[in-house]
Amino acid sequence: MWSSLIYLVALAPFAVRSLAPTDEIQDADSAQSGYLDNHNMDPAIVGSSSFGILWKNTYGSKEKWYTKPLVYTPPGASQLVFTASAMNIVRTLDAVNGTLLSSRTVQPPFLQSDIGCTDIPDYIGIIGTPIVDPNTNTAYFFSKGYKNGASSGGVANGIYKFYAVDVQTLQDRAGFPVLIDGHFADNDNSRYFIGGTVLQRPSLAMVNGVVIGGFGGHCDLFNYTGMAVAVSTTAGVGVTSIYAMEASPGAPPVVTDITVQQGGKAGIWQGGMGFAQDGSRFFLSTGNGLGHENGDVPASGRIPLTTLDEVVAALTVSPTGKIALSDYFEPYEYISMDAGDRDLGSGGVSLLDPNVFKGAGISRIAMSVGKNGKAYILNANNLGGFKQGSGGTDNIIQTINAQGSVFAGMGSYPLEGGYIYFTPVGNPTVCYKIGADSKGAPLFTFVGQTATNGAGRVGIGAPTITTYKSQPGTGILWICDPTAGLVVFNAVPVNGVLTPIKIPPTGGLNKFLRPAFGDGRLYVSDNNGNIICMGSPVALPLSCTSPVGFGDTPIGSTSTKIINCTALIAITSINGCITGDATWQCSNTTLPKGLLAQGATFSFTVTWNLTQASINDAPNASFGKVLPGVASTSLTLFTTNAIPKYSNFLPISLIGTTVSKTAYFTISPPEVDFGGIVVGSDAAKTGLSAAVILSNVGAQPLMFLGSAWTPSVDAEDGLIEFTNITNGDLGNGFSSSSLPKVGDTLATGQSITVPLGFLANQTGAFSTFVQWWTNGGAAYVLLTGSASTAPVANISISTVEGGWDYFEPAVIDFGNVRAGTTVSKYIRICNSGGSALTITKSKPPIDTELLAPNSAVDLHEGQSIDVNSCATGQVSIVAAPLGVNRLDHTVSDVWILNVNDITFGVHDVQVTANIVTRQLGPLLSNGSAKYLYLGCYADGSGRQLKYKFTSGTNDNGQCQSTCFGKGYRFAGTEYHTECWCGNNPPSALKYTAESFKYCSFSCPGDTTQACGGDGTYISIYYDRTEYILGSDSIPGGSGSSSSTGTSSQTSTSSTSATSRSTTVVSQSTASSNSSTTSSVSSAVTPASSSSATSTSSSAVPTKTGPSNVSKIGAYSYIGCYTEATGIRALNAKTYANNNMAIEICYDTCKGYTWFGLEYHRECYCGNSLNPGSIPTVEGGCSSSCSANPLQYCGGSSKLLMYNNIAAGLGSGSASTSSSTTSNPLNPPTPIPSPTDSSSTTIPSSSTNPSTSSFSVTSSSATTTISSSLSTTTLPTPITPTTSASSTSSSSDTILTTQPPSTVTTPNTSSSPTSSISAIGGFTSVGCFSDSTGPFASHNMPKLFSNDSMTPDLCISSALAQLSATPATTYRYVGLEYGRECYAHAAAPSPEPTSLVGSKACTIACKGDPNTSCGGGKMYNLYAATSVTLTGTSNRQWSVPAATSTVGV
């Protein structure tokens, strides 16, 4: 509360300036109790028609406020509102009318696009709520941006600054801002602050002259450690302390790569809630982490702990600003909470009013609640340590089952008995009341909830409670909902319900928000860029006594009070009065008649008439049951005013307490639902807890006469049989450790809280009724609970056939997507367990072209999935319309998911798509357009192109063909029908940005294309084989353009009938800009001959976009690979740099067998691939290198992979004699055993089925492997040098080739070959039916589907399961429908039918059109060479003797 804040401020060595009584200078109160008593919020006014939106300021849909507004009255000025946005803009507004007083952008904000985490879209600037020091008129806050004030720069260049600004002028105080980056943690000098990887989310606190901020991660990405940072408010001092939540020796060792998630984590984010303060102490909670120092060994909270993950911690701030740990609590199941992303730290810590919330031996109570669905009630002076309770459980006051994940935190109300509140995601807001057990220990009991559910997604703010002048009966509960907006309730439940107070709708509010309060007004921000002020008009005609207290009024009696009023303006007449409850009565005859002058006074009476009320329902009576307790309503006076623009009514609050004349026994709540126990879980060992409150609300003492339990109170079930309670047994698994005994008494108004427990070791539903008999009546409570098995999650991806792909890791590859179209796929999570499954982490993609369109609803954090049910999330590619003949571009992102099934683990679902455009006009041999789009150019005052052709059917393809046919390098369309050609590049000075859309006229031959625009704008395309982009045509282009010459190259290649044709591509570029040479050669084997020679010559352009470097040093490019399962594919050495190029990574990884590049700037080295890393589509590795935009440097979670074959084989001339390899994905594979009398050959320029040789040169030796096998598996894809040479202007050009991954037989028809005869230790068995079977109508389980499917990919994926956990040995593999892969350890069952003929397995593989991948209801079957299949039909399946080169 504010009194405690003023006390804290008083500790500082300067004069104290009194706060204005209705200011709110930080998030809620300093204790984070959520109770505010000083803002003149009268429930009678809030619930009246006079309360509404006073003003709404709009600042733009992309500007968001995750900070709460602050309300402050500077010396000698009027009250203002201080706001700080995610765009790093701070403003002050007039608190009454919203007028902008001052505004400033402190620095360019950090860009969300640089991190990939979607929690905060667009901009990440000021996120944690600032704090105002009223003694110096200064606002303090942390702001995220980039080094040197840049507007972008990536994660490595992200920084945090700490600002101190004058509240009124918004200018920096001397000595500020302070850079936080580079400071080391006090408790671990190996850990230092890196602003780019962290997020400052909690609201700020101020203790002992320092401001404290908490830092966590962005979606748990990057290498980060949670930190509490203290910065002095004194100029020139700077950072006084950084305390790391994970420190040595318990935390993982520090790694330097900021992209590796090994920093320890234990982030501090708390759903934006601030730190709770108590003197020089502050309290916080943390999320999941990697260090588990306690393990499973109990530990005292007073003994220092270095790994503070999943804890509530109390820390102290010394007079010099140093932070130290003083106490902590860690749940006994914290390790499983880490595994399931069930962060304790999703909500902050609240300290409750010690005058009300206390008990025997407990002088201060703290409470915290998080994603694990438990509310922890703690002794703030002895938090509880780890496993210090009975039987190794939690040593805390109480654990409340929250029935769902909770974010942001809890709130409290210390009046009318004392209540606490919280809102689980998608559930009602619940209310618990403080009580005491028979020993006087504090105990909370559920007493009510809202009738409606909160938002079914993350974002509900912490409850805030206000009163009017601290009067009981005026409590209002305020909750900010991201969907429903601001919702309001009476703070005390009536008959178990928190009754709503209707206010005008605000619309959905920003997540984790609290309303900020001023003088009778409140302030919130919505998710549409608005700041909203709500309140009641200040122009009231009267000032009357309010609230009016009636005190205790016995049922059956009356109480009358006098209300005194003064006219604030001249009033024509008082027209009457009404009350909201018929038991309160006012008479119009007591009101004054006629005119009232300004300043005139009058009085009238109000009577609370309970003579017709009864405690019990009375038969045939017109009045109902009235329970003893606090009651309230409003009285409204209506006026006709002599002066316009004043309100015509005045609400007045009426409050009283009904009491019984005799003893009266009540139980609250009448029913207790414990929820569910998961049998076998940690929680099942201790059971669940709850409580009921037994009260005497009568005017005479109450005595207990007896108690018992029964399974039913329904007379229709037969005679009700009660069982006396012994040893606390309440029947059916329910119990109590403290019950009132016969003869115990409760004085008037006294209550006792009875603790309850539920424990079950078998599944089922359980219930019991517990009844007490007293001299004030008898009553019972119903106890219910259930027990079930754990949830079991599985994840799958939708397929084009309408099914689901369960292959792990889950990947969504859209393949090629046409620009201007939208396609969608779905992620599905199903629950096959015995209890509800909760999504504990969900970070969907929200990019422009790749997004989850329903991210707030689909698979959201906190979502519950019922038993035997599924939930889906849509992922869409919304490809922007780009026109024709554009270069492809790849989009990729991840959807990060986790659930409370601890065996599930974090799933990074990789999503990739290649956006393509229509290719028109003359085409190159690969099917891409010869002419690429250059841009839209102004064509007035001198034509860009000189030769004009006109056609009524003109389109870009027709125009380009015309220009190409006439030998022109440039083609342009203009004014619908005009086609222009030329050889000179257009002027860069006439170039216009696409955003202007000047070229928007349609083509008559195809209205979907643009053919120039109005005002002589022309759409120009260029021949990429003849022109290189330069600064002459594109503003800012690199270098000057030049013509491209071509050279012809002849290559001869002889192949056998079992060889696949190969294409050999070589490029050479002269160092001079004046000449660039390019060549292409291909070897093709016609089907009519067992061998043939083919010579081809063509001109191929030097690529204008990025390309793959096929060979560098001893390393060859082998393809695009996925990351491994759960770890990096290569982890021996890592390096990240914003000036990355392939040459840099090559130098970094010299000596290793592998190196790979990823995401523009990252380099990884290793001697072997970790399990789960497999080849994937080339489009996944389309990110250009940060230092060389003409090179590819991998993609998002995709590695552009290079391999040194010589390093892999070892140095020296030797044969390799191992029949197996440690990893089936590590080339070269297979290496046959010498006992097979075989060797493998990769040709230098030709391939022969009987003998061939392959030489690889390393720095020290040449290794030669020869083979006499006719079928073999070759490394894939490897690009060794050949003996051929290229004729070009460059003397160092190397002709390279990519050998086939498998050996096939050429086919003269257009249909694919039947199969590949042998691959990876598997042999083709043939084509077989697949119409029935036990695996979703298939006779083998499905591994996965992929639009790049080949037998090699399917078999490699099956072999990869050897390294999985648990390992699986697949001996049978089948490919079906072109893209589906099936595998089984046993033979297909039932035995399939062999299929032959022209219709058997005719669908080509999606990744290899020359190879068959089954058909509809049929597959190409491959069997491991280590097994023999014997059929039950006339034919016997057999395979050659074992020649497997890979263990199966």
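Anything mentioned here points back to the structure above.
Attention here is on the structure that accompanies the text. (Residues numbered from 1 in each chain as written. Predicted model: local features only at pLDDT ≥ 70, side-chain atom pairs only at ≥ 80, totals over all residues. Heavy atoms only, no water.)

### Focus: the overall build of the chain
Tallying secondary structure elements over the chain gives 8 helices and 96 strands in all. Burial analysis of the chain (1448 residues in total) assigns 57% to the buried set. In the chain, the proportion of contacts linking residues at least 24 apart, taken out of those at least 6 apart, comes to 68%. For the chain, the accessible surface area stands at approximately 54100 Å², while carbon and sulfur atoms represent 51% of it. (Helix = DSSP H or I, 4+ residues; strand = E, 2+ residues; numbered from the N terminus. Buried < 20%, exposed > 50% of the residue type's maximum accessible area, 1.4 Å probe, protein only. Contact = heavy atoms within 4.5 Å. Areas by Shrake-Rupley, 256 points an atom, 1.4 Å probe, with all protein chains shown as cover.)

### Remarks on the pattern of salt bridges
Scanning all chains against the criterion turns up 26 salt bridges. Between Lys387 and Asp296 there is a salt bridge whose closest N-O contact spans 2.8 Å. Of this pair, Lys387 sits in the loop between strand S27 (385–386) and strand S28 (398–401) while Asp296 sits in the loop between strand S21 (281–285) and strand S22 (312–317); the two residues are 91 residues apart in sequence, bridging distant segments of the chain. Assessed through its relative accessible area of 54%, Asp296 is described here as exposed. Here Arg943 ties to Asp939 by a salt bridge, and the two come within 2.7 Å at their closest N and O atoms. Three or more residues are tied together by salt bridges with common partners; here these are Asp27, Lys68 and Arg514. (Salt bridge = Lys/Arg side-chain N within 4 Å of Asp/Glu carboxyl O.)

### Some remarks on helix H5 (residues 956–965)
Residues three or four positions apart in an α-helix share a direction because the helix packs 3.6 residues into each turn. Within the span of H5, buried status applies to Asn956, Gly957, Cys959, Gln960 and Cys963. Buried residues of H5 fall within an arc of 160° about the axis and therefore sit on the same side. Those residues of H5 hidden inside the fold are in contact with strand S70 (931–938), strand S72 (970–974), strand S73 (978–982), strand S75 (1002–1003), strand S76 (1006–1010) and strand S77 (1017–1023). Phi for Gly967, located one or two positions after H5, is positive at around 85°. (Arc of directions from axis to C-beta.)

### Considering the sheet that holds strand S20 (residues 276–278)
Spatial ordering of the open sheet is given by S20-S21-S22-S23-S27, a layout of 5 strands whose pairing is mixed. Edge strands, defined here as strands with exactly one partner in the open sheet, are S20 and S27. Alignment of S21 against S22, held across 5 bridges, turns out to be antiparallel. Within S22, the position partnered with Ser285 by the bridge is Val312. (Pairing = 2+ DSSP bridges.)

### With respect to the state of the cysteines
As enumerated under the stated definition, the model contains 15 disulfides in all. One disulfide bridge connects Cys544 with Cys565, the sulfur atoms lying 2.1 Å from each other. One disulfide, between Cys544 and Cys565, carries an S-S torsion of 120° and so falls in the right-handed class. Remark: Cys565 occurs in strand S43 (residues 558–567) and Cys544 occurs in strand S41 (residues 542–544); sequence separation between them is 21 residues. Look at Cys544 and you get buried, because its relative accessible area is 15%. Accessibility expressed as a relative area gives 2% for Cys565, which makes it buried. Covalently, Cys1405 is tied to Cys1413 through a disulfide, its sulfur atoms 1.9 Å apart. On the sign convention where negative is left-handed, the bridge of Cys1405 and Cys1413, at about 85° about the S-S bond, is right-handed. Accessibility expressed as a relative area gives 3% for Cys1405, which makes it buried. Exposure remark for Cys1413: the relative accessible area of 0% places this residue in the buried category. (Disulfide = S-S within 2.5 Å.)

### Quick word on the sheet that holds strand S57 (residues 751–758)
The antiparallel open sheet is built from 5 strands, whose spatial order is S49-S51-S57-S55-S54. Since the sheet does not close on itself, it has two edges, and those belong to strand S49 (665–668) and strand S54 (729–731), each with one partner. Bridge count for strand S51 (residues 688–696) against S57 is 8 bridges, and the pairing is antiparallel. When the sheet's bridge partners are listed, Ile693 is paired in S57 with Thr753.

### Some points on unusual backbone geometry
The omega torsion across Ser546 and Pro547 is -5°, close enough to zero to call that bond cis. By the element assignment, Pro547 lies in the loop between S41 and strand S42 (548–554). The amide bond that connects Ser1389 to the next residue, Pro1390, takes the cis arrangement and shows omega of -5°. The phi dihedral of Gln270 is positive, around 60°, even though this residue is not glycine. Counting through the fold element by element, Gln270 comes out in the loop between strand S19 (239–244) and S20. A relative accessible area of 0% places Gln270 in the buried class. With a phi close to 55°, Asn727 is a non-glycine residue in the positive phi region.

### Examining the pairing of S76
Inspection of the sheet shows S75 paired to S76 by 2 bridges, in the antiparallel sense. Residue Cys1003 lies in a different strand from S76, and its bridge partner there is Asp1006. Following S75, the chain reverses through 2 residues before pairing antiparallel with S76.

### Notes on the environment of Gln471
On the secondary structure map, Gln471 appears in the loop between strand S33 (464–466) and strand S34 (476–481). Look past the residues within four positions of Gln471 in its chain and what remains in contact with it is Tyr413, Leu415 and Pro547.

### Comments concerning empty space enclosed by the protein
Sizing a probe to match a water molecule and rolling it over the atoms shows the empty space that remains. Going through the model one piece at a time under the given rule, you end up with 8 cavities of 30 Å³ or more. Lining the largest cavity are 22 residues, and of these Phe807, Val811, Phe1344, Ser1345 and Asn1346 sit closest to its centre. The element best represented in the lining of the largest cavity is strand S62 (residues 811–818), accounting for 3 residues. The residue inventory of the lining of the largest cavity, partitioned by class, reads 9 nonpolar, 7 polar and 6 charged. (1 Å grid on protein atoms, 1.4 Å probe; cavity = no way out; pocket = protein on both sides within 12 Å on 5 of 7 lines; lining within 4 Å. Points joined across faces, edges and corners; volume = space filled by probe spheres on them. Nonpolar A, V, L, I, M, F, W, Y, C, P; charged D, E, K, R; others polar.)

### As for the packing of aromatic side chains
Aromatic ring pairs: the centre-centre distance and the angle between the two ring planes describe each pair. One pass over the full model with this rule turns up 49 aromatic pairs. An angle of 90° between the planes, with centres 5.3 Å apart, marks the rings of Tyr334 and Phe386 as edge-to-face. One end of the pair, Tyr334, is in helix H3 (residues 334–339); the other, Phe386, is in strand S27, and 52 residues separate them in sequence. Neither residue differs from the other here; Tyr334 and Phe386 are each classed as buried. Joined through ring pairs, the aromatic side chains of Tyr140, Phe142, Tyr160, Phe162, Phe176, Phe193 and Phe215 make up one cluster. Sitting over the face of the ring of Phe110, Lys144 holds its NZ or CZ atom 4.3 Å from the ring centroid. Arg886 extends its terminal NZ or CZ atom over the ring of Tyr933, reaching a point 3.7 Å from the ring centre. (Phe/Tyr/Trp six-rings, centres within 6.5 Å; stacked < 30°, edge-to-face > 60°. Lys NZ or Arg CZ within 6 Å of the ring centre and 35° of its normal.)

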